[in-house]
Amino acid sequence: MFPILCWVATTMMRVERRKGLGVGAATLTLLTFVVSCGGGGHDITAPTPVATQIVVSPSATTIIAGQQATFTAVAKDASGNAVNESLTWTSSDPTVASVASGTVQGLKAGTTTIRATDGTINGDATLTVLVPVSDVVVTPSPTIVLINQTAQLTAALHDAAGATITGRTVTWSSSNDAIASVSATGLVTGKTAGTVTISAVAEGKTGSSTVTVRSPVASVTVSPTTLALGSGKSSTLTATVKDASGTILTDRTVTWSSSDPSKATVGSATGVVTAVSAGTTTVTATSEGQTGQSTITVTDLTPPSVASLSASPASINVSSGAQVVTFSANVLDAGGSGVSRVDFALNAPQGTANNPVYACSAMSLSSGTSSNGVWTCPMTIPAGSAPGTWTVSVVAIDAVLNRRSLSSANLASSGLQSTIAVANSNPDNTPPAPVGGLNGIPPQVDVTTQPATMTVSVRLTDAGAGVAHFDLALVAPDGKTSVGCSAAAPITGTTADGTWQCAVTIPQGAQAGNWSILIRAIDAVFNTYQSAASSTLTVVDNAPDTTPPTFVGLTVSPTTVDVSTGAQTVTATAHLTDTGTGVSSFVFRVAAPDSTIARCLADHPTAGTPSDGTWTCQITIPPGGAAGDWAITVQASDAALNTATLGTAALSAANFPTKITVISP
């Protein structure tokens, strides 16, 4: 018989509870019994498990080039049971990462598939290799944060090529949390005054920023608080910045602004104020939200400018009669005061007898505004005027006496009309002539007890342009004192043949003796007749006043003026006495280094009497007046025409002011 072959497998399971373990804790023991029976020379063997899949873990991961990571792989059969197999590892891109026994080495940035293989069965995982951080740059650096305020820092990560890297972990820290702390996002909070280093670390690379914690600004003070400037002038304001304890802070940024840049501008970082036009503006200094201010008052120092000029017609013929030329000028005033008048003058050709000058003034606008307007006036050029090229000149004056004077050469260089052409086939070169003698002057007058007034007339003829003006002068025996009168039109007849009249007075107390009689007649083209001092008038005065007034005192205020901010007024006050006929006038006069003259006259006392009184008058030094010392001269006259004049030497000897010092830009 053949032996019976059998194979029995029995598995038993026993569960033991172990002392000290909690509920549910047990030990599982598997017991397997195998009985085999054989015979006939044949063995029967159990089936071998076969792998149907490989599971790689993790399925995906990321590392930095130069770093390592470990993958594990488990081979499983169809039932999901682990099968002990020998696996082979590979990388789909060995340039990105290499692998050995599941350990990968990142080589360069990129993505590769890590594979575990058993025969024809594969398991895959994805490996991403990132470029390493080469440097960390923290911005801003350095930076400033105020106590109890914050500042945001940013960390920029770069690779070795300088390309920006994102998505990496950055760790922030402060070198001193008591001065400033930093959050995980780089937000710095100032705590107390001092300096710290805020660091950002990524992949072992560090970047940092120096952070200064400062006390906040509590106040800003601008000096000066008020400032007067002439247009076109500049000055520098200063700002004092303090904290709450009053400590001056010198390291703060101050920003400047003007409330009205049309009046004055200010450098935003410098505080330099430049005046533009007349008016007021507020300049503000700002630091960390705190402000200080200064009020700027701008005075107009800018003279007007002439933008255009025309004389129409530009060519005239006065052979048969007078002609009218209309002058028109577009005048600008950037200083803000506005133009107040424009004067036009026409000057005869060089060499013309008596150098005639014709003039007209525009006192009001024809159109536009005082800052940009047209000023027009007509000028009559008389028949008989000299033929040739007449030159034009213009003077424009603004409301605060800034003056622009333009000669013919100035106009020509600016491309403006500077001449007109005058034709005349019958020029008038003959002066007026008196016909007969003077009427109204007696041989003798007595001024012992009262003044003598005479109404004087004369017949004047002029066959050319016609008489334009008549003057009469009576000159005292000393040759220095005189009285006179004038007439600008005939009382009867015409300018070609008419009677001219005026009244002249010799005052009580005047010099006794023979007074010379002079007359002068001027025609429309400035031909002039002047008589010789051959005729005389006898003046009788049994109580003549020959003593001039006396200067008892003289004050001038101020004696120093600064016209860089505008016109300045000077007041002169004289204490005058006169024991005779009494003071009749006081003149105050100053002469600038450039020969400019300013004068004023008082014809009555402000206090007291003509015999003993106070006389006051004022002069104005205009903007742009010549810098330096202006010499003072004073003069006082009495009713009998006696005059006292004090110049520099006499004023100094009397301990009176001798000059006004003018400060001018």
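Residues numbered from 1 in each chain as written. Predicted model: local features only at pLDDT ≥ 70, side-chain atom pairs only at ≥ 80, totals over all residues. Heavy atoms only, no water.

> Quick one: what's the story with the overall build of the protein chain, residue by residue and with numbers?
Scanning the protein chain from N- to C-terminus turns up two helices and 61 strands. A compact globule built from 665 residues would reach a C-alpha radius of gyration of about 26 Å, whereas the protein chain, at 56 Å, exceeds it by more than 25%. Each of the 665 residues in the protein chain was classed as buried or not, and the buried ones make up 37%. Long-range pairs, those at least 24 residues apart, make up 62% of the contacts in the protein chain with a sequence separation of at least 6. Surface summary for the protein chain: the accessible area is close to 32,700 Å², and the carbon and sulfur share equals 52%. Of the side chains in the protein chain, 24 bear a positive and 35 a negative charge, and the two mean positions are spaced by 18 Å. (Helix = DSSP H or I, 4+ residues; strand = E, 2+ residues; numbered from the N terminus. Rg over C-alpha atoms; globule rule 2.2 N^0.38 Å. Buried < 20%, exposed > 50% of the residue type's maximum accessible area, 1.4 Å probe, protein only. Contact = heavy atoms within 4.5 Å. Areas by Shrake-Rupley, 256 points an atom, 1.4 Å probe, with all protein chains shown as cover. Lys, Arg positive; Asp, Glu negative; His and termini not counted. Charge placed at Lys NZ, Arg CZ, Asp CG, Glu CD.)

> How would you summarise the state of the cysteines if you had to cite specific residues and measurements?
In this structure the tally under the stated criterion is three disulfides. One disulfide bridge connects C485 with C502, the sulfur atoms lying 2.0 Å from each other. Since a negative S-S torsion denotes a left-handed disulfide, the C485-C502 link at about 45° is right-handed. With C485 in strand β46 (residues 482–487) and C502 in strand β48 (residues 497–506), the pair connects residues that are 17 residues apart, well separated along the chain. Residue classification places C502 among the buried positions, given a relative accessible area of 6%. (Disulfide = S-S within 2.5 Å.)

> Can you break down the sheet that holds β48 residue by residue, with the values?
Pairing is antiparallel in the open sheet, where four strands are placed in the order β42-β44-β48-β47. Each end of this open sheet is capped by a strand with a single partner; those strands are β42 (433–439) and β47 (492–493). With four bridges connecting them, β42 and strand β44 (residues 452–461) associate as antiparallel partners. Each bridged residue has a counterpart across the sheet, and for P434 the counterpart in β44 is L460. (Pairing = 2+ DSSP bridges.)

> An account of the sheet that holds strand β9 (residues 97–100) is requested, with residue identities and associated values reported.
The strands making up a sheet associate through hydrogen bonds between their backbones, and the pairing can be parallel or antiparallel. The antiparallel open sheet is built from three strands, whose spatial order is β5-β10-β9. The sheet is open, and its two edges are formed by β5 (68–70) and β9, each paired on a single side. Going from strand to strand, the sheet's axes swing by 20° on average, the running direction of each strand aside. Pairing of β9 with strand β10 (residues 103–106) involves four bridges; the strand directions are antiparallel. If you follow A97 over to β10, its bridge partner there is G106. (Axes fitted to C-alpha atoms, helices over the stretch in contact; angles between N-to-C directions.)

> Got a sec to walk through the pairing of β10? Specific residues and values, please.
Two faces make up the sheet, and in a regular strand the side chains alternate between them. Every second residue of β10 is oriented toward a common face, the buried set being V104 and G106 and the non-buried set T103 and Q105. In this antiparallel pair of consecutive strands, β9 and β10, the connection spans two residues, and S101 shows a positive phi of 55°.

> Mind laying out the pattern of salt bridges, listing which residues take part and the relevant values?
Counted by the stated rule, this structure contains 10 salt bridges. Across the salt bridge formed by D471 and R520, the nearest N and O atoms sit 2.7 Å from each other. Of the two residues, D471 is situated in strand β45 (residues 467–475) and R520 in strand β49 (residues 513–523); the sequence distance between them amounts to 49 residues. (Salt bridge = Lys/Arg side-chain N within 4 Å of Asp/Glu carboxyl O.)

> So, the confidence of the model for the protein chain: which residues are in play, and what are the values?
Parts of the prediction with low pLDDT should not have their coordinates interpreted in detail. For the protein chain, per-residue confidence averages 90 on the pLDDT scale, and residues scoring 70 or more make up 93% of the total. Note on residues 1–42: pLDDT under 50 across the span, and 45 contacts to partners over four residues away in sequence or across chains. (pLDDT = per-residue confidence, 0-100.)

> Explain the environment of G436 residue by residue, including any values.
Among the structural elements, G436 can be located in strand β42. What makes G436 exposed here is its relative accessible area of 61%. C-alpha of G436 to C-alpha of L460: the two residues are 24 residues apart in sequence and 8.9 Å apart in space.

> Account for the packing of aromatic side chains, naming residues and giving values.
One pass over the full model with this rule turns up four aromatic pairs. Judged by centre distance (5.8 Å) and plane angle (40°), the rings of Y358 and F526 are tilted. Taken together, the positions of Y358 in strand β36 (residues 357–362) and F526 in the loop between β49 and β50 (528–530) put the pair 168 residues apart, joining distant regions of the chain. Y358 gets classed as buried once you look at its relative accessible area, which sits at 7%. (Phe/Tyr/Trp six-rings, centres within 6.5 Å; stacked < 30°, edge-to-face > 60°.)

> An account of unusual backbone geometry is needed here, citing residue identities and associated values.
Residue P58 is bonded to the preceding S57 through a cis peptide linkage, with omega at -5°. Cis peptide bonds are those with omega within 30 degrees of zero, and the linkage from S312 to P313 qualifies with -5°. Note on placement: P313 falls in the loop between β32 (305–312) and β33 (315–317). For E203, which is not glycine, the phi torsion reads 50° and is therefore positive. Locating E203 in the fold gives a position in the loop between β21 (194–202) and β22 (205–214). In this structure, F526 is a non-glycine residue whose phi angle is positive, near 75°.

> Before we move on, could you go through the layout of surface pockets and cite the residues and values that matter?
Approximately 220 Å³ is the volume found for the largest pocket. G437, L438, I517, I519 and S535 are the residues nearest the centre of the largest pocket, which is lined by 14 residues in total. Those elements that provide at least two residues to the lining of the largest pocket are β42, β49 and β51 (535–540). Considering every element that reaches the lining of the largest pocket, the biggest residue donor is β42, with four residues. (1 Å grid on protein atoms, 1.4 Å probe; cavity = no way out; pocket = protein on both sides within 12 Å on 5 of 7 lines; lining within 4 Å. Points joined across faces, edges and corners; volume = space filled by probe spheres on them.)

> Quick one: what's the story with the side chain of D343, residue by residue and with numbers?
Positionally, D343 belongs in strand β35 (residues 339–347). A polar contact is formed between the side chain of D343 and the side chain of R341, at a distance of 2.8 Å. (Polar contact = N/O pair within 3.5 Å; in protein donor to acceptor, adjacent residues only side chain to side chain.)

> Any chance you could break down the environment of D603 for me, citing the residues and the numbers?
Mapping D603 onto the fold places it in the loop between β56 (597–602) and β57 (607–608). Judged by its relative accessible area of 52%, D603 is exposed. Beyond its immediate chain neighbours, meaning those up to four positions away, D603 contacts S584, S585 and W615.

> Which residues make up the environment of G80, and what values go with them?
Its place among the elements puts G80 in the loop between β6 (72–76) and β7 (82–83). Considering only alpha carbons, one finds G80 and A51, 29 residues apart in sequence, at a separation of 9.0 Å.

> How would you summarise the side chain of S637 if you had to cite specific residues and measurements?
If you trace the backbone, S637 turns up in strand β59 (residues 628–638). In this structure S637 comes out as buried when scored by relative accessible area, which is 13%. At 3.0 Å, the side chain of S637 forms a polar contact with the side chain of T643. Ignoring anything within four residues of it in the chain, the contact list for S637 reads P549, V583, S584, S585, N642 and T643.

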